[in-house]
Amino acid sequence: MADEPLVLGIETSCDETGVGIVRGTTLLADAVASSVDEHARFGGVVPEVASRAHLEAMVPTIDRALKEAGVTARDLDGIAVTAGPGLAGALLVGVSAAKAYAYALGKPLYGVNHLASHICVDQLEHGALPEPTMALLVSGGHSSLLLSSDITSDVRPMGATIDDAAGEAFDKIARVLNLGFPGGPVIDRYAKEGDPNAIAFPRGLTGPRDPAYDFSFSGLKTAVARWIEAKRAAGEEVPVRDVAASFQEAVVDVLTRKAVRACKDEGVDHLMIGGGVAANSRLRVLAQERCEAAGIRLRVPRPKLCTDNGAMVAALGAEMVARNRAASAWDLSADSSLPVTEPHVPGHDHDHVHEVSKENLYS
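Along each chain, the written sequence defines residue order, and numbers are assigned to residues from 1. Per-residue local features of the predicted model are confined to residues with pLDDT of at least 70, and side-chain atom pairs are confined, for both listing and counting, to 80 or more; whole-chain, interface and lining totals are unaffected and use all residues. Side-chain calculation: all heavy atoms of the structure are included, whereas hydrogens and water are not.

Draft legend 1. Region of interest: the UniProt feature "domain: Gcp-like" (unreviewed entry) in the protein. The UniProt entry lists residues 27-314 under the feature "domain: Gcp-like" (unreviewed entry), expressed in the numbering used here. Secondary structure elements follow DSSP: runs of H or I of four or more residues count as helices, runs of E of two or more count as strands, with numbering from the N terminus. Within residues 27-314, the helical portion is 50% and the strand portion 17%, while the C-alpha atoms at the span's ends are 9 Å from each other. UniProt positions are given in the numbering used here, feature names are shortened, and annotations may be inferred rather than shown by experiment.

See below:
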């Protein structure tokens, strides 16, 4: 185990300041500082608020992770950071911090892709990823089907959301129901006491002529909102629990149906589900049922590893080191629209670490 790469990962793509430390595929620390409460009164994430929160939380969170892992910064073999996609200002805070630590320590810097990190984190839970692996990533900003034959270099998009991602739909319906923010956890909680078959909400892009693997939740969101408005206009009480359950069922039905279809079509016998919405209890249950029926092995990390965290970034960084992937250059920049086809942002042909003074600048 001591020969495996020890990597620190920094994640600041949205409102979570995440710092993780892994050795190979073993998680040593997962420290998170969330600014979600600061955004709640706005009903969504405010980029400037998130960026300032990252600035304040960065150094204390890194120190906490190092202490939790029982290692010093000098012990690290590399620093990994989310270079994109995400909120530009928030990403910039993480990238700047990672550069500073990597330069001061004389360690290689790895700018990695947020979505690829969500896939790689499953290695900390269930061991090495099968190659190829089909991944369903569902979060506030993304609903994607990805096929990866090598998580460090080959991730192919199969399908994506053409409008609202699943997480966005959860937030918007929670707001219409006056349940607060974020919407995912609260709708999941109310849905457990409701009837998922009470209301027949539409399943977007599931017709015979629709794209097989793309997602659309805008029509569902509108249909639910109008159903609620009609009830209120008629002076009737809105059955919040039934609405939550029926809406949630419509979302997870489409997600799991398309994911299993993609596995069958591509001949892949493993499905990995990640991203914040992967913490949804109904999604996990339905995915398990449908995968078992189709002879597909389902891999879903524990809920804490599904939401944005530094552990997933460290996991991908450790894989980069283990496979001798090129480190990133010092001119690494934050890319809010970094495509998933770029699991990491390599540097130039020469090893940038050799440009750093032999003396360790970190104290």
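Next comes the rest of the description.
Draft legend 2. How the structure looks around the packing of helix α7 (residues 183-191) against helix α9 (residues 240-266). To get an axis, a line is fitted to the C-alpha atoms, and for a helix only the part in contact is used. The angle between two axes follows their N-to-C directions and goes from 0 to 180 degrees. Where α7 contacts α9, the two axes come as close as 7 Å, and the packing angle between them is 110 degrees. In terms of orientation, α7 and α9 fall into the roughly perpendicular class. Our pair here, α7 against α9, has a crossing hand that is left-handed. Packed against α7, whose contacting residues are Ile187, Asp188, Tyr190 and Ala191, the element α9 presents Val240, Arg241, Ala244, Ala245, Phe247 and Gln248 at the interface. Its residues assigned to classes, the contact of α7 with α9 comprises 7 nonpolar, 1 polar and 2 charged. Roughly parallel means an angle under 35 degrees; roughly antiparallel means over 145; roughly perpendicular covers 65 to 115; every other angle is labelled oblique. Two helices crossing with the near one rotated counterclockwise from the far one by less than a right angle form a left-handed crossing, whereas a clockwise rotation gives a right-handed crossing. We call two residues contacting when some pair of their heavy atoms lies within 4.5 Å. Residues are grouped as follows: nonpolar covers Ala, Val, Leu, Ile, Met, Phe, Trp, Tyr, Cys and Pro; charged covers Asp, Glu, Lys and Arg; every other residue, Gly included, is treated as polar.

Draft legend 3. Up close: the packing of aromatic side chains. We call Phe, Tyr and Trp rings a pair once their centres come within 6.5 Å, taking the six-membered ring for Trp, and we label the pair stacked below 30 degrees between planes, edge-to-face above 60, and tilted otherwise. For the structure shown, the criterion picks out 4 aromatic pairs. Between the aromatic rings of Tyr103 and Trp330, the centroid separation amounts to 5.4 Å while the plane-to-plane angle is 70 degrees, which identifies the pairing as edge-to-face. One end of the pair, Tyr103, is in helix α3 (residues 88-105); the other, Trp330, is in the loop between α12 (310-322) and β11 (344-345), and 227 residues separate them in sequence. Look at Phe170 and Phe247: their rings are 5.1 Å apart centre to centre, the planes differ by 70 degrees, and that puts the pair in the edge-to-face class. A residue pair is termed long-range when its members are at least 10 positions apart, and Phe170 in helix α6 (residues 166-176) and Phe247 in helix α9 qualify at 77 residues. Pair check on accessibility: Phe170 and Phe247 agree, each one buried. Between buried and exposed lies partly exposed: a residue is buried under 20% and exposed over 50% of the maximum accessible area for its type, with that area taken using a 1.4 Å probe on protein chains only.

Draft legend 4. Examining the side chain of His270 more closely. Assignment of secondary structure puts His270 in strand β9 (residues 270-274). Take His270: its relative accessible area is 13%, and that puts it in the buried class.

Draft legend 5. Geometry of the nonpolar core. Grouped together as the largest cluster of nonpolar side chains are 51 residues, with contacts concentrated most on Phe247, Leu271 and Ile273. Among the elements that take part in this core, α9 stands out by supplying 13 residues, more than any other. Not counting residues up to four positions away in its chain, the partners in contact with Ile273 are Leu136, Val138, Ala278, Leu283, Ala287, Leu298, Arg299, Val300 and Pro301. Core analysis: the second largest hydrophobic core is formed by 30 residues, Val7, Ala116, Ala311 and Val313 among them. Only buried residues count toward a nonpolar core. Its members are Ala, Val, Leu, Ile, Met, Phe, Trp, Tyr and Cys residues joined through side-chain atoms within 4.5 Å.

Draft legend 6. Examining the pattern of salt bridges more closely. Salt bridges are counted wherever a side-chain nitrogen of Lys or Arg sits within 4 Å of a carboxyl oxygen of Asp or Glu. Scanning all chains against the criterion turns up 17 salt bridges. Of the charged contacts in the structure, one is a salt bridge between Glu266 and Arg156, with a shortest N-O distance of 3.5 Å. Highlighted residues: Glu266 in helix α9 and Arg156 in strand β8 (residues 154-160), separated in sequence by 110 residues. On the accessibility criterion, Glu266 (34% relative accessible area) is partly exposed. Across the pair Asp265 and Arg261 runs a salt bridge, and its minimum N-O distance is 3.7 Å. One end of the pair is Asp265 and the other is Arg261, both in helix α9 and 4 residues apart, which spans about a single turn. A relative accessible area of 47% places Asp265 in the partly exposed class. Judged by its relative accessible area of 45%, Arg261 is partly exposed. Overlapping salt bridges, with partners in common, bring together Glu131, Asp150, Glu319, Arg323 and Arg325 in one network.

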